[in-house]
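Residue-level structure breakdown
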Amino acid sequence: MAGQGEERGEEKKKFSIWDLPDVPAGQLPPHLELQRTRVLCNKDAPIHTESVLYSGAYASMGVDNSLRLDHFCHNFRVEVVRLTEEDMEFDMIGIDAAIANAFRRILIAELPTMAIEKVLIANNTSVVQDEVLAHRLGLIPISVDPRLFEYMSENDQPNEKNTIVFKLHVHCKRGSPRITVKSDELKWLPNGSELIKESRNVASDSASKPETYTSFSCSQDTLPEFANNPIAPKYPDIIISKLGPGQEIELEAHAVKGMGKTHAKWSPVATAWYRMLPEVVLLEEVEDDLAEGLKSKCPVNVFDIEDLGKGKKRATVARPRACTLCRECIRDEEWEKRVAIHRVKDHFIFTIESTGALPPEVLFTEAVKILEDKCERVITELS
Amino acid sequence: MEHGSFTDNSAATFSLTEEDHTLANAVRFTLNQDPRVTFCGYSIPHPSNARVNIRVQTTGDPAREVLKDACQDLMLMCRHVRSGFDKAVEDFKASNAVKAMKIDSQDSDSEESE
């Protein structure tokens with residue numbers, strides 16, 4: 001089918017159409033395949049950046065561009081490059097930018113975490129103002145699995161299922177040197193708040209327990225998850241404030257569950273980003289002096305010199321993944337026809353840096369689950 | 001929720017609340033790949049309101065069904081991504097454990113030989 005179109009066009013030129021290479025039916029010719037799967041990063045700007053989504057895009061060539069789930073499942077691959085407790089880097093191959101971006105957005109904004117929201121300040125004579133101190137406390141990452149807690153809405157009472165209570169009481173005595181208040185001073189109160197609410201109700205009997213700001217029905221450290229590992233901030237050396245002699249901070253902080261959408265303190269990742277795999281192609285043989293020049297131009301050493309023997313050298317692409325697309329190798333005249341830089345449109349290098357509440361591989365799995373839940377919500381709304 | 005003609009149900013606009021680019025772009029991707037769809041797109045009327053309008057026009061099938069199928073496809077893709085990812089993480093951890101054991105045994109061997 002592709003051959004017929006070429007036949008009619010090329011009749012006027014003086015070469016035999018039988019010299020043209022065969023295009024196998026059901027596949028695109030190489031230049032269209034390049035346009036569909038690669039972003040060409042030229043000297044001035046990238047081109048072919050949009051992904052060709054429309055199912056009938058290549059209908060005239062007889063190529064079906066529609067999404068076939070079996071095709072996707074067959075081609076999809078994940079390769080983990082680096083995995084530590086705090087960050088991970090992995091490759092996702094065979095997926096589209098729309099879905100990769102959806103995962104990135106969910107990781108940053110829609111995964112829940114616990115963070116300090118209400119701060120009840122009993123005494124603050126430090127130089128840091130109340131609201132600044134409360135803001136700083138909110139940004140401290142807490143090392144606890146947010147899936148064990150529930151959201152607290154406005155009408156709910158703070159109880160052991162939706163609140164974590166911390167206490168901070170530091171006093172710098174007169175005559176002693178200045179002290180720095182670090183985050184390890186935040187002590188977990190598994191039994192709930194200790195600040196007593198002033199109740200105007202005289203009729204309440206004095207024998208009953210005084211009412212505090214939270215109503216814990218049971219102590220949180222009876223729960224199996226917290227029995228032997230107390231809840232604490234992830235990093236014990238975050239500076240909260242500094243106190244001079246005679247200054248004191250006494251407060252109680254309540255942490256609740258929230259999402260990054262509401263405030264960035266609830267974001268479980270320091271950041272999450274992805275980039276497409278760079279591909280560096282040498283369009284012609286680069287030899288001898290030109291090869292040396294090319295190798296020295298690249299700031300991240302993408303190119304290597306290969307000895308061909310008899311004093312001849314050739315440049316090869318050794319580490320295309322390290323390419324930062326600075327375009328130094330195509331900046332000068334003449335180099336654009338020797339080196340081409342592409343990006344592979346369906347190969348994403350994801351990096352996730354966690355703040356510590358959950359390990360990064362768990363974060364990604366939760367993000368995918370959240371996208372599934374969104375789809376399910378739409379489906380039930382439509383039915 | 002669905003705004004369209006009562007007589008012709010092959011073209012409709014679906015207005016989803018509490019959604020943004022995250023879901024809308026992903027659904028638009030799967031919708032586009034469906035051969036029954038002639039036109040699809042989404043818009044966000046105002047960034048302060050969490051509302052997305054998804055427009056679907058098909059070659060005759062009811063737009064509601066096509067959108068449902070696209071969401072189903074997206075769900076299946078997510079499940080597949082999840083299983084592939086879990087397996088890759090397991091393999092990586094297993095191969096790292098093997099490497100750590102090999103390094104440990106090499107260290108202990110060299111200590112013994114010294």
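These figures come from a predicted structure and were not determined experimentally. (Residues numbered from 1 in each chain as written. Chains lettered and ligands numbered in written order. Predicted model: local features only at pLDDT ≥ 70, side-chain atom pairs only at ≥ 80, totals over all residues. Heavy atoms only, no water.)

1. Brief notes about helix α4 (residues 97-109) of chain A
Residues and elements named next belong to chain A. An ideal rise of 1.5 Å per residue puts 18 Å on 13 residues; α4 measures up with 18 Å between its terminal C-alpha atoms. Within the span of α4, buried status applies to A98, I99, A100, N101, A102, F103, I106 and L107. For α4, the N-terminal cap is D96; the gap from its side-chain oxygen to the backbone nitrogen of A98 is 3.0 Å. (Helix = DSSP H or I, 4+ residues; strand = E, 2+ residues; numbered from the N terminus. Expected span 1.5 Å × (residues − 1). Buried < 20%, exposed > 50% of the residue type's maximum accessible area, 1.4 Å probe, protein only. Polar contact = N/O pair within 3.5 Å; in protein donor to acceptor, adjacent residues only side chain to side chain.)

2. Quick word on the nonpolar core
F90(A), M92(A), F103(A), F364(A) and L31(B) are the most contacted members of the largest nonpolar core, which totals 61 residues. The leading source of residues in this core is helix α2 (residues 63-113) of chain B, at 14 residues. With residues up to four places along the chain from it excluded, the contact list for L31(B) reads V37(B), C40(B), I54(B), V56(B), V66(B), L67(B) and A70(B). With 26 residues, the next largest nonpolar core counts I116(A), L168(A), V181(A) and I240(A) among its residues. (Core = buried A, V, L, I, M, F, W, Y, C linked by side-chain atoms within 4.5 Å. Contact = heavy atoms within 4.5 Å.)

3. Let's talk about the pattern of salt bridges
Oppositely charged side chains can form a pair if their charged atoms are brought close together. Tallying each qualifying case throughout the model produces 35 salt bridges over all chains. For K93(B), the salt bridge goes to E361(A), with nearest N and O atoms at 3.1 Å. Taken as a pair, K93(B) in helix α2 and E361(A) in helix α7 (residues 360-382) lie in two separate chains rather than in one. Note on E361(A): relative accessible area 13%, which makes it buried. Each of R82(A), D87(A), E89(A), D91(A) and R321(A) takes part in a single network of salt bridges with overlapping partners. (Salt bridge = Lys/Arg side-chain N within 4 Å of Asp/Glu carboxyl O.)

4. Describing the sheet that holds strand β2 (residues 11-17) of chain B
All names here are of chain B. Pairing in this open sheet of four strands is antiparallel, and the strands run β1-β2-β4-β3 from one edge to the other. Both outer strands of the open sheet, β1 (2-4) and β3 (37-43), are each paired with one neighbouring strand and no more. Taking the axes of each pair of neighbouring strands and ignoring which way they run, one obtains an average angle of 20° across the sheet. When β1 meets β2, the two strands line up antiparallel, connected through three bridges. By the bridge assignment for β2, H3 is matched with T13. Sheet strands in contact with helix α1 (residues 21-33) are β3 and β4 (51-58), and its direction is about 170° off that of β3. (Pairing = 2+ DSSP bridges. Axes fitted to C-alpha atoms, helices over the stretch in contact; angles between N-to-C directions.)

5. Points about the packing of α4(A) against α1(B)
α1(B) packs onto α4(A) with a crossing angle of 165° between their chain directions and a minimal axis gap of 8 Å. Relative to α1(B), the element α4(A) lies roughly antiparallel. For α4(A) against α1(B), the interelement crossing comes out left-handed. Packed against α4(A), whose contacting residues are A98(A), I99(A), A102(A), R105(A) and I106(A), the element α1(B) presents H21(B), T22(B), N25(B), A26(B) and F29(B) at the interface. The residue makeup of the contact of α4(A) with α1(B), split by class, is six nonpolar, three polar and one charged. (Parallel < 35°, antiparallel > 145°, perpendicular 65-115°, else oblique. Left-handed = near helix turned anticlockwise from the far one by under 90°. Nonpolar A, V, L, I, M, F, W, Y, C, P; charged D, E, K, R; others polar.)

6. A closer look at the confidence of the model for chain B
The share of residues in chain B with pLDDT of 70 or more is 93%, and the mean pLDDT across the chain is 87. Taken over the whole predicted complex, pTM reads 0.86, whereas the ipTM for its chain interfaces reads 0.89. (pLDDT = per-residue confidence, 0-100.)

7. Looking at the sheet that holds strand β5 (residues 112-124) of chain A
Residues and elements named next belong to chain A. The four strands lie next to each other as β5-β10-β6-β8, forming an open sheet whose pairing is antiparallel. With partners counted over all chains shown, the strands left at the sheet margins are β5 and β8 (187-188), one partner each. Bridging between strand β6 (residues 164-171) and strand β10 (residues 248-259) involves eight bridges; their strand directions are antiparallel. Across the sheet, H171 pairs through a bridge with E248, a residue of β10. Sheet contacts for helix α5 (residues 130-138): β5 and β10; angle to β5, the most-contacted strand, approximately 150°.

8. Remarks on the side chain of Q247(A)
Residues and elements named next belong to chain A. By secondary structure assignment, the location of Q247 is in the loop between β9 (239-243) and β10. Among the residues examined, Q247 registers a relative accessible area of 18% and is labelled buried. Among the polar contacts made by the side chain of Q247, one reaches the main-chain amide nitrogen of G244 at a distance of 2.8 Å.

9. Quick notes on the layout of surface pockets
It is the rolling of a water-molecule-sized probe over the atoms that shows where space remains empty. Residues and elements named next belong to chain A. Its boundaries defined by the atoms lining it, the second largest pocket holds a volume of some 410 Å³. Broken down by secondary-structure element, the contributors of at least two residues to the lining of the second largest pocket are β5 and β10. Per-element tally for the lining of the second largest pocket: the top contributor is β10, with five residues. Class assignment for the residues of the lining of the second largest pocket results in eight nonpolar, five polar and five charged. (1 Å grid on protein atoms, 1.4 Å probe; cavity = no way out; pocket = protein on both sides within 12 Å on 5 of 7 lines; lining within 4 Å. Points joined across faces, edges and corners; volume = space filled by probe spheres on them.)

10. So, helix α6 (residues 288-297) of chain A
Residue and element names in this part refer to chain A. Of all the residues in α6, the buried ones are A291, L294 and K297. Looking straight down α6, one finds its buried side chains confined to an arc of 130°; they lie on one side. Counted as exposed and oriented over 90 degrees from the buried face of α6: D289 and S296. On its buried face, α6 is in contact with β11 (269-282), β12 (303-309), β13 (312-317) and β14 (339-354). (Arc of directions from axis to C-beta.)

11. Details of the UniProt feature "domain: DNA-directed RNA polymerase RBP11-like dimerisation" (unreviewed entry) in chain B
Using the residue numbers shown here, the UniProt feature "domain: DNA-directed RNA polymerase RBP11-like dimerisation" (unreviewed entry) corresponds to residues 11-82 of chain B. The straight-line gap between the two end C-alpha atoms of residues 11-82 of chain B is 33 Å; of that span, 46% is helix and 31% is strand. (UniProt positions renumbered as here; feature names shortened; annotations may be inferred.)

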